[in-house]
Structure formats: C-alpha cells, structure tokens
Amino acid sequence: MVSRMFRLETEVDKSRHDLLRRRLRDTNTAASPILRALRGTPGERERPLQVWALDDTGAVAGGLVGHTWTTWLHVTYLWVDERHRGARLGSRLLAHAERTARDERGCTAVRLETWDFQAPEFYKKQGYDVVCVIPDYPPGITEYTLTKHLGPGSGDDPSPYGRPGGVGIS
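Here is what the cut-offs are and how they apply
Residues numbered from 1 in each chain as written. Predicted model: local features only at pLDDT ≥ 70, side-chain atom pairs only at ≥ 80, totals over all residues. Heavy atoms only, no water. Pairing = 2+ DSSP bridges. Helix = DSSP H or I, 4+ residues; strand = E, 2+ residues; numbered from the N terminus. Axes fitted to C-alpha atoms, helices over the stretch in contact; angles between N-to-C directions. Contact = heavy atoms within 4.5 Å. Core = buried A, V, L, I, M, F, W, Y, C linked by side-chain atoms within 4.5 Å. Buried < 20%, exposed > 50% of the residue type's maximum accessible area, 1.4 Å probe, protein only. Patch = residues over 30% accessible without salt bridge, like charges linked within 9 Å, V, L, I, M, F, W, Y side chains within 5 Å. Areas by Shrake-Rupley, 256 points an atom, 1.4 Å probe, with all protein chains shown as cover. Salt bridge = Lys/Arg side-chain N within 4 Å of Asp/Glu carboxyl O.

Q: Mind laying out the sheet that holds strand E1 (residues 47–54), listing which residues take part and the relevant values?
A: Reading across the sheet, the 6 strands line up as E1-E2-E3-E4-E6-E5 and stay open at both edges, with mixed pairing between neighbours. With partners counted over all chains shown, the strands left at the sheet margins are E1 and strand E5 (129–134), one partner each. For this sheet the average axis-to-axis angle between neighbouring strands, irrespective of direction, equals 20 degrees. Summarising the sheet, strand E2 (residues 60–69) and strand E3 (residues 72–80) pair through 8 bridges and their orientation is antiparallel. In the strand pairing of E3, Gly-63 is matched with Trp-79. With respect to the sheet, helix H3 (residues 89–105) is in contact with E1, E2, E3, strand E4 (109–115) and strand E6 (143–149), its orientation differing from that of E1 by roughly 145 degrees.

This is the structure:
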C-alpha cells in the first residue's frame, strides 16, 4: 500500500466549499435514481418561503422563514414578538406557510428543528411528530427534529379570523 502525504487546512474557502458541494451533489446523483430524476427539474432547487405578520403600525409582530425543496417545507425560523404571544399568531404563521407549501408548491411534508426550551410542545399541538431527539446539543439543551405530513385540510388557519391575508398577515 502506498502512503500518501496530505496537507490539512481549516481555512474558510468559498470556492472550495462550492467545489465540494458540486462534487458531493454529483456523487449523490450518480448513486441515487431518485436524485438523478430530480436533476434539472424545478424541485431540484430550494425556494425561499417567508410569511410575515405586521402589526397596525407595520412593524414585524412575527414571522416564519423557511424554504421548500422537492416535496418538503423546511421551517428554519418561527418567531413571535413577546407582546403578541398567546394570540395564536405562531399557529397562523405556521398554517399559512404549510398551506402555501402544499397548495402552491406541491409539498407533502414539513420538517423543522427546535430546542427543548423553545417550542416542541407548540409544534406537537400543531400535528407535528418528534422523529429525532439529540440530547446535549448544545451542552445542557436538547434539540428536537419534528415532521408533519401535509394531507388535505392540513395547514388550515386555526384562528377565528379565517384565512390569512387579512388581520395583519401578508
């Protein structure tokens, strides 16, 4: 066996990052018929999805930031200003994103991560299932990964005000 010498570096390098991403994508595409079939289709690219709740002054009262990819919505951030918590605004933001992902982008499922002190119980009440628990990530905190199937009728607005689009959600 030939022993080779390599120099290892820890620098941040965008061009190497992009090269590695392309090579990994190519390797994965070659190994997976599903990913191969996805190449060149609209589902191959991540598409941003953002929902904002504005108060009567136009200030951000809450928001959801995520993206869709293939048939999945990935919720990256969901936040509601402390002054507006308890008004079901988080539920409305999430329902609006789910409905948009399902009805306009063909998504069939959602995934997200949350910490134990944030909102795992909130998401469970919205129909999410815990599929992964990582204790001590970061130390002293537990991270949860949750998913939800977007069947017919999921993502319906739980508020008494009807469908988002009014009452400050745009």
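There's more to say after this.
Q: Kindly report on the nonpolar core, identifying the contributing residues and their values.
A: Core analysis: the biggest nonpolar cluster contains 22 residues, and Leu-49, Leu-64, Leu-73, Val-75, Tyr-123 and Tyr-128 have the highest contact counts within it. Breaking this core down by element, the ones donating at least two residues are E1, E2, E3, H3, E4 and E6. In terms of residue count, H3 provides more of this core than any other element does, 5 residues in total. Leaving out residues up to four positions away in the same chain, Leu-64 has contacts with Leu-49, Gln-50, Val-51, Val-75, Tyr-77, Leu-78, Leu-93, Leu-94 and Ala-97.

Q: Lay out a nonpolar patch on the surface in plain terms, naming residues and giving numbers.
A: Taken together, the side chains of Trp-52, Leu-54, Val-60 and Trp-79 define a hydrophobic patch exposed on the protein surface, amounting to about 350 Å² of accessible area. Its location among the elements puts Val-60 in strand E2. On the basis of relative accessibility, which here comes to 40%, the residue Val-60 falls in the partly exposed class.

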